[in-house]
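Survey of secondary and tertiary structure
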Amino acid sequence: MNKETQSILTTMLGGLLISITLSGLFTSYVKPGFKPVLLTAGIILVLVGLLTLMVTIRDEVRAAKAKELHAGKSYAEKSHAEKLHAERFYGGQSPSDEPGAEDSREAYFVAPDSSHSDGHGHDHGRSKAPWLMMVPVLVLLLVAPPALGADSVERATVCSPNNGGDGQTYASRRTDPSPPLPLGTPTELTMSQFINRALYDSSYSVVDNDIQVVGFIVPSKCDDGGYSLVRLAISCCAADAFTLRVHIEGAPPLPANTWVNAVVRAVKDTGNEGNNYLPTATMISYQQIPVPDNPYES
């Protein structure tokens, strides 16, 4: 890959970072706190790419001028040598003065550059293949892929038989009561807060109260007669995403990947070793919403 291609790719990559950061699309891949870092990195890449391209073009122009100057000097030196030779052996008549000699000299000094041509008009010095690396950059600029959704959840789902579990034994494993729920009816909780209370709160706060959570619909691929309400969480970026979900009985009310603002209640003493600690909830009501600005739960 030549320096021009490297410079252009660097500039376009920087432009891509700036574009997805300013548009907010970057939250589909990393946490919102990375915005200043991505914006700074994009600006630096654009500046480095443009400066490198300018320096490369300047150096190539200088090299071309130096080559032309060198060719002119060589031509003049050869002409002078021919004249001296003619004075000594041909009585002042230079062989280069014969018809066609001028074309011969020009052909000698302006011969095709073997590093760029095969002598038949075909340029073999530089491959066009590196420019194909610009295709994924252009794709990201024009069609940014969405955040992880139902497909990634289904691929990570491992179906296991629900052994039912001993409710009394499960209840005895609960910890001390959780702090009182925040004020409001229904109470707004994150998906992780709801799941933690559904599994471990001995006061059953999310069993006896209406809780509002945000998530998207994922049809179950297991034979359990229900679907999941899901939210993905990340520690750094989409590569380390993990699933937060609750099981809901019945057929999915909306297609996969539909985001909803749902009011739910946890079903008492569900979620155990037999079903990979997946609590069950009752869907009381729901409202379809657009994809949140931050699709991942931090």
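Up top is the structure.
Conventions we followed
- Residues numbered from 1 in each chain as written.
- Predicted model: local features only at pLDDT ≥ 70, side-chain atom pairs only at ≥ 80, totals over all residues.
- Heavy atoms only, no water.
- Phe/Tyr/Trp six-rings, centres within 6.5 Å; stacked < 30°, edge-to-face > 60°.
- Helix = DSSP H or I, 4+ residues; strand = E, 2+ residues; numbered from the N terminus.
- Buried < 20%, exposed > 50% of the residue type's maximum accessible area, 1.4 Å probe, protein only.
- Pairing = 2+ DSSP bridges.
- Right-handed = clockwise from strand over helix to strand, strands pointing away.
- Polar contact = N/O pair within 3.5 Å; in protein donor to acceptor, adjacent residues only side chain to side chain.
- Contact = heavy atoms within 4.5 Å.

1. What about the packing of aromatic side chains?
Under the definition given, this model contains 1 aromatic pair. Considering the side-chain rings of F216 and W259, the 5.2 Å spacing of their centres and the 55° angle between planes classify their relative orientation as tilted. In this pair, F216 sits in strand β2 (residues 211-219) while W259 sits in strand β5 (residues 259-266), placing the two residues 43 residues apart along the sequence. The burial state of F216 is the same as that of W259; both residues are buried.

2. Observations regarding the pairing of β2
Burial within β2 is extensive, with 7 of its 9 residues counted as buried. Bridge count between strand β1 (residues 187-188) and β2: 2 bridges; the pairing is parallel. Paired with E188 across the two strands is Q212, which belongs to β2. Where the polypeptide runs from β1 across helix α7 (residues 191-200) and back to β2, its parallel neighbour, the crossover connection is right-handed. Across 6 bridges, the pairing between β2 and β5 is antiparallel. Bridge assignment links V214 to a residue of β5, and that residue is N261.

3. Some details on the side chain of T21
Here T21 shows up in helix α1 (residues 3-23). Here the side chain of T21 touches L17 through a polar contact of 2.6 Å, landing on its backbone oxygen. If we ignore the near neighbours within four places in the chain, the residues touching T21 are F26, K35, L38 and L39.

4. Here we look at unusual backbone geometry
Although it is not a glycine, Y204 adopts a positive phi angle of roughly 55°. The topology assignment puts Y204 in the loop between α7 and β2. Using a relative accessible area of 14% as the deciding quantity, one classes Y204 as buried. Residue Y277 is not a glycine yet carries a positive backbone phi of 55°.

5. Some thoughts on the pairing of strand β3 (residues 226-233)
Most of β3 is tucked away, with 8 of its 8 residues classed as buried. Alternating residues of β3 divide into G226, S228, V230 and L232 and Y227, L229, R231 and A233, and every residue in both groups is buried. Looking at chain direction, β2 and β3 are connected through 4 bridges and run antiparallel. If you follow V218 over to β3, its bridge partner there is S228. In terms of strand pairing, β3 meets strand β4 (residues 242-249) through 8 bridges, oriented antiparallel. Bridge pairing links S228 to H247 in β4.

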